[in-house]
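A look at the structure
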Number of protein chains: 2
Amino acid sequence: MIPMTSPPPPPIPAFQITQPLCAVFRRHLKELGQKYTPERAMILDTLIELDDVFQADQILSTLQDSGYRVSKATIYRTIKLLQDAGIIQQVLVDAEQAHYVLAYGRQPRDLLVNADTGEITTIEIPELAALRDKVCAQHGVKAQGHRLIVYATNS
Amino acid sequence: MIPMTSPPPPPIPAFQITQPLCAVFRRHLKELGQKYTPERAMILDTLIELDDVFQADQILSTLQDSGYRVSKATIYRTIKLLQDAGIIQQVLVDAEQAHYVLAYGRQPRDLLVNADTGEITTIEIPELAALRDKVCAQHGVKAQGHRLIVYATNS
DNA sequence: GTCGGTGCAAATGCTTTGCATTGAT
DNA sequence: ATCAATGCAAAGCATTTGCACCGAC
């Protein structure tokens, strides 16, 4: 955690955003003529702390537990902005609710879902990108990305 | 297409189910003490004809176009039964609606989504299972399956 | 007559949206 | 003052469920 380079608005003294992502987000907002608000800062900070994979309602309850008050609507609107900015990516792990992962500046992150515990972690299969590109070439299209979810059980 | 081995109830004369899947489904239903009804037969037959990947509402509209009348509720209930029977598997391609693929007796089927056209086809990456198993072993878990979705654009 | 199956309509739960209010420049 | 962001409550939409009716054995 590195202190924010420029001060956030007063109501949220404790939040400190990981610098690169914060900068990326601010730049994206500026391009759109939109503002870097306290709510948006809180949400970005929270999802950085919720490691690997998170859901919208986890952000809500994490913030509420810390005594902050943000509406669901703002969380969903901010999630959309963060996707546009390339900071997070939606991943569909189950049909109940959308999950998201931090994506900025990273390889596509593959997921390992433990069917026994429900735990979701990220894994790396470096060979996959090349395999994927080859198959796409065979089909006459260009790979833009992929999403791999591996389902596993204990031992 | 092979004629059904035992006659369906009168209202649906034209439907003929691919025999192996029909047999698997009937066996599964029998195990549960449930019945192989005309509606269930129509739904299974329809999803076999909707090749590769389908959604619940495609089954509904396909049946309606053919002049058959089935309720959404029955389609969703039957889809669940077919999943239990291992005949179809849910795949999450986008956040709007669940997609399904025929799964019985097949390798896990990987998907290629054309972002330009929305077209979804199945692909094979045979090397993937081994890679996946290796990573799971490293994490101390046993792979049960996986889902790969490759997003691509034209040329 | 007992069971389960179906259709309908209502309920559910995540996500989105309309609108009045608020806040920043 | 203007312009956008927020919160709330209502709307949307895919999916599920409760319930009354129907049909098969």
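What comes next concerns the included structure. Please read all numbers here as calculations on a predicted model, not as lab measurements.

Some details on the relation of the copies chain A and chain B
With an RMSD of 0.1 Å, the operation that places chain A on chain B is a rotation of 180 degrees combined with a shift of 0.0 Å along the axis. On the angle and the small slide along the axis, the relation comes out as a two-fold axis. By C-alpha distance to the rotation axis, the residue of chain A lying nearest is L148(A), at 2.2 Å. Comparing interface residues between copies, 100% of those in chain A also lie at the interface in chain B; the contact surface is shared.

Here we look at the pattern of salt bridges
Residue and element names in this part refer to chain A. Throughout the structure, instances matching the rule amount to four salt bridges over all chains. Taking the shortest distance from any N to any O, the salt bridge between D133 and R132 comes out at 3.0 Å. With relative accessibility at 36%, the residue D133 sits in the partly exposed group.

Examining the packing of helix α2 (residues 38-49) of chain A against helix α4 (residues 72-84) of chain A
Residues and elements named next belong to chain A. Direction vectors running N to C along α2 and α4 enclose 70 degrees, while the axes themselves pass 10 Å from each other. Taken together, the axes of α2 and α4 lie roughly perpendicular to each other. Touching E39, R40, I43, L44 and L47 of α2 are T74, I75, T78, L81 and L82, all from α4.

Structural notes on the interface of chain A and chain B
Between chain A and chain B, the contact holds 35 residues from the first and 35 residues from the second. Summing the contributions of chain A and of chain B, the shared interface buries around 2600 Å²; its carbon and sulfur component is 70%. Three residues stand out in chain A for area buried against chain B, namely L92(A), L131(A) and Y151(A), and they jointly supply 17% of the buried area on that side. Summed over the shared surface of chain A and chain B, the result is two salt bridges.

Notes on the pairing of strand β4 (residues 110-114) of chain B
Residues and elements named next belong to chain B. By the criterion of burial, β4 is predominantly enclosed, with five of the five residues buried. Of the two faces of β4, both are covered, the one formed by D110, L112 and N114 as well as the one formed by L111 and V113. Of the strand pairs in this sheet, β4 and strand β5 (residues 120-123) are connected by four bridges, and their pairing is antiparallel. Bridging from a neighbouring strand, L112 pairs with T121 of β5. Inspection of the sheet shows β4 paired to strand β6 (residues 141-154) by four bridges, in the parallel sense. Bridge pairing links L111 to I149 in β6.

Rules behind the numbers
Residues numbered from 1 in each chain as written. Chains lettered and ligands numbered in written order. Predicted model: local features only at pLDDT ≥ 70, side-chain atom pairs only at ≥ 80, totals over all residues. Heavy atoms only, no water. Least-squares fit on C-alpha atoms with pLDDT ≥ 70 in both. Contact = heavy atoms within 4.5 Å. Salt bridge = Lys/Arg side-chain N within 4 Å of Asp/Glu carboxyl O. Buried < 20%, exposed > 50% of the residue type's maximum accessible area, 1.4 Å probe, protein only. Axes fitted to C-alpha atoms, helices over the stretch in contact; angles between N-to-C directions. Helix = DSSP H or I, 4+ residues; strand = E, 2+ residues; numbered from the N terminus. Parallel < 35°, antiparallel > 145°, perpendicular 65-115°, else oblique. Buried area = accessible area lost by both parts, 1.4 Å probe. Pairing = 2+ DSSP bridges.

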